[in-house]
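Structural features, examined
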Amino acid sequence: MTEKTITRADIVDALVQEVGLTRQDSSDYLERVLEMVCEELVSDNSVKLARFGNFVVRRKNARVGRNPKTGKEAPITARRVVTFKPSPLMRRRVESALASKE
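Residues numbered from 1 in each chain as written. Predicted model: local features only at pLDDT ≥ 70, side-chain atom pairs only at ≥ 80, totals over all residues. Heavy atoms only, no water.

With that out of the way, let us pick up the environment of Arg 59. Tracing the sequence through the fold places Arg 59 in strand 2 (residues 53–60). Measuring from C-alpha to C-alpha, the distance between Arg 59 and Val 81 comes to 6.5 Å, with 22 residues separating the pair along the chain. Within the structure, the side chain of Arg 59 is placed 2.4 Å from the side chain of Asp 44, a separation counted as a polar contact. (Helix = DSSP H or I, 4+ residues; strand = E, 2+ residues; numbered from the N terminus. Polar contact = N/O pair within 3.5 Å; in protein donor to acceptor, adjacent residues only side chain to side chain.)

Take a look at the structure:
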């Protein structure tokens, strides 16, 4: 199975073709949307995109981990991570698309 990664350029091209925006406007709009998402996540807010999913900042406590190569214990500092949870609609769409390919 060949993997295709969608890029910003692919999204910009789709906006140009499907919405009729100029390439510059499409790029500017995409960049602004991504900036807004990042700004909210940096502010520790969640981002909910209806029918798509939720981006949530999770706090992870400090813990002791283990180097898998050497087995030596190493401290892992507390940190914040961004997680994504797809909406039920998106999950169903992906599952049905994958099932139809099998």
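Bridge analysis of strand 1 (residues 47–49) against strand 2 gives 3 bridges, and the strand direction is antiparallel. When the bridges of strand 2 are listed, Val 47 appears paired with Phe 55. Linkage of strand 1 to strand 2, two consecutive antiparallel strands, is achieved through a turn of 3 residues, within which Arg 51 is found at a positive phi near 65 degrees. Inspection of the sheet shows strand 2 paired to strand 5 (residues 79–86) by 8 bridges, in the antiparallel sense. By the bridge assignment, Phe 55 is partnered in strand 5 with Phe 84. (Pairing = 2+ DSSP bridges.)

The next thing to look at is the confidence of the model for the chain. Summary statistics for the chain give a mean pLDDT of 94 and a share of 98% for residues scoring 70 or more. Of all helices and strands in the chain, the one with the weakest mean pLDDT is helix 3 (residues 88–101) (92), whereas strand 1 scores best (97). (pLDDT = per-residue confidence, 0-100.)

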